[in-house]
Amino acid sequence: MNPDDIDGMYAERVRERLAANETPIDSDTFAAANGFDVHAYLAERKARIPGLDTATLLDVVDPFWTADHTANRLNITPDELDRQRATGGLLGVTPSDSDRVFYPVFQFEKRTGKVQVKPALRVFMATLRDHDPWTIAVLINTPAPELDGLTPLGWAEANRDTATLIAYAAVVLPNK
């Protein structure tokens with residue numbers, strides 16, 4: 001099954017559940033229940049980089065903030081935003097049809113009234129800083145048996161052991 005098929009099936013199921021006033025099923029659960037191998041999908045996408053068609057990844061990583069909005073929400077300067085992205089503590093992706101950097105919203109949380117990068121994700125992303133940002137973005141949203149079936153994002157949101165998340169990062173995408 002290809003990603004376009006699973007996306008279409010998922011969108012139809014969400015529409016059905018919403019029409020019936022039911023809570024939509026999350027995409028990870030839907031993909032697993034329909035035999036979509038997310039790890040094979042990720043491997044196939046990695047193999048195509050740098051010719052990666054980022055438009056097909058937008059559904060996985062969306063929504064985004066612009067650089068200006070991100071710097072504003074984090075209360076940092078544009079230079080500090082660039083520095084944090086360069087060191088891997090902040091994930092920014094560049095679409096193939098643009099030279100602008102966008103920041104996936106999934107990496108942020110509001111704590112004590114301030115927006116910040118989720119601490120466990122910050123460490124996870126810094127561990128992978130030498131890899132393509134699109135690959136990291138997809139990996140963060142891909143369920144892993146090594147993480148009890150959770151995505152790295154889900155693992156971080158559940159406040160699970162950061163050391164396990166770091167070990168997973170080192171295994172799945174070893175440093176170059």
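This one's a predicted model, so the numbers in the text were calculated from it and none came from an experiment.

Novice: Can you lay out the overall build of the protein for me, pointing to particular residues and giving the numbers?
Specialist: The number of helices and strands found in the protein is 10 helices and four strands. For the protein, the sequential pattern of α-helices and β-strands runs α-α-α-α-β-α-α-β-β-β-α-α-α-α. Per-residue burial over the protein gives 38% buried out of 176 residues. Sequence-distant contacts, at least 24 apart, represent 55% of the contacts inside the protein between residues at least 6 apart. Accessible area for the protein stands at about 9600 Å²; split by element, carbon and sulfur atoms hold 51% of it.

Novice: Go over the packing of helix 7 (residues 119-127) against helix 8 (residues 133-140) with me, naming the residues and quoting the values.
Specialist: When two helices pack together, their arrangement is given by the angle between the helix axes and the distance between those axes. Their axes nearest at 11 Å, the elements helix 7 and helix 8 cross at an angle of 140°. With respect to helix 8, the element helix 7 is oriented oblique. For helix 7 against helix 8, the interelement crossing comes out right-handed. Contacts between helix 7 and helix 8 involve Leu 121, Phe 124 and Met 125 from the first element and Ile 136, Leu 139 and Ile 140 from the second. Across the contact of helix 7 with helix 8, the residue classes break down as six nonpolar, no polar and no charged.

Novice: Give me the lowdown on the packing of aromatic side chains, citing residues and values where you can.
Specialist: For any pair of aromatic rings, geometry is given as the distance between the ring centres together with the angle between the planes. Scanning the entire structure with this criterion turns up three aromatic pairs. When the ring of Phe 64 is compared with that of Phe 102, the centres are 6.5 Å apart and the planes differ by 65°; the resulting orientation is edge-to-face. Here Phe 64 is found in strand 1 (residues 64-66), whereas its partner Phe 102 is found in strand 2 (residues 102-104), with 38 residues between them in sequence. Among the residues examined, Phe 64 registers a relative accessible area of 21% and is labelled partly exposed. Measuring from centroid to centroid gives 6.3 Å for Phe 64 and Trp 134, while their planes differ by 75°, and the two rings are edge-to-face. Here Phe 64, found in strand 1, pairs with Trp 134, found in helix 8; they are 70 residues apart in sequence, far enough to count as distant. Each member of the aromatic cluster is reached from another via a ring pair, and the members are Phe 64, Phe 102 and Trp 134. Its guanidinium or amino end placed over the ring of Trp 155, Arg 160 lies 4.2 Å from that ring's centre, counting from NZ or CZ.

Novice: Run through helix 5 (residues 67-74), naming residues and quoting values.
Specialist: Among the residues making up helix 5, those that are buried are Thr 70, Ala 71 and Leu 74. Along helix 5, the residues classed as buried sweep out an arc of 95° about the axis, all on the same side. When the buried face of helix 5 is taken as reference, the exposed residues oriented beyond 90 degrees from it are Asp 68 and Asn 72. Looking at the packing, one finds that the buried side of helix 5 touches strand 1, helix 6 (78-86), strand 2, strand 3 (108-111) and strand 4 (114-117).

Novice: Explain the pattern of salt bridges residue by residue, including any values.
Specialist: Within the structure shown, the criterion is met by five salt bridges. Glu 109 is paired through a salt bridge with Arg 111; the nearest N and O atoms lie 3.0 Å apart. Classification of Arg 111 as partly exposed rests on a relative accessible area of 40%.

Novice: Residue-level account of the confidence of the model for the protein, with values.
Specialist: In this model, the protein carries an average pLDDT of 77, and 64% of its residues clear a pLDDT of 70 or more. Mean pLDDT in the protein bottoms out at helix 3 (residues 38-48), which sits at 51, and peaks at helix 6, which reaches 96. Note that residues 48-55 has pLDDT below 50 and, in this model, 11 contacts with residues that lie over four places away or in other chains.

Novice: An account of the pairing of strand 3 is requested, with residue identities and associated values reported.
Specialist: Relative to strand 4, strand 3 runs antiparallel, the two being bridged by four bridges. Counterpart to Lys 110 in the pairing with strand 4 is Val 115. Taken together, strand 3 and the strand that follows it, strand 4, pair antiparallel across an intervening segment of two residues, in which Thr 112 is found at a positive phi of about 45°.

Novice: Give a description of the nonpolar core that names residues and reports values.
Specialist: Residues Phe 108, Leu 121, Phe 124 and Ile 140 are the most contacted members of the largest nonpolar core, which totals 32 residues. Where this core is concerned, the elements lending two or more residues are helix 5, strand 4, helix 7, helix 8, helix 9 (152-157) and helix 10 (162-172). Ranked by residues supplied to this core, first place goes to helix 8 with five residues. Excluding anything up to four places from it in sequence, Leu 121 contacts Phe 106, Gln 107, Ile 140, Pro 152, Leu 153 and Ala 156.

What counts and how
- Residues numbered from 1 in each chain as written.
- Predicted model: local features only at pLDDT ≥ 70, side-chain atom pairs only at ≥ 80, totals over all residues.
- Heavy atoms only, no water.
- Helix = DSSP H or I, 4+ residues; strand = E, 2+ residues; numbered from the N terminus.
- Buried < 20%, exposed > 50% of the residue type's maximum accessible area, 1.4 Å probe, protein only.
- Contact = heavy atoms within 4.5 Å.
- Areas by Shrake-Rupley, 256 points an atom, 1.4 Å probe, with all protein chains shown as cover.
- Axes fitted to C-alpha atoms, helices over the stretch in contact; angles between N-to-C directions.
- Parallel < 35°, antiparallel > 145°, perpendicular 65-115°, else oblique.
- Left-handed = near helix turned anticlockwise from the far one by under 90°.
- Nonpolar A, V, L, I, M, F, W, Y, C, P; charged D, E, K, R; others polar.
- Phe/Tyr/Trp six-rings, centres within 6.5 Å; stacked < 30°, edge-to-face > 60°.
- Lys NZ or Arg CZ within 6 Å of the ring centre and 35° of its normal.
- Arc of directions from axis to C-beta.
- Salt bridge = Lys/Arg side-chain N within 4 Å of Asp/Glu carboxyl O.
- pLDDT = per-residue confidence, 0-100.
- Pairing = 2+ DSSP bridges.
- Core = buried A, V, L, I, M, F, W, Y, C linked by side-chain atoms within 4.5 Å.

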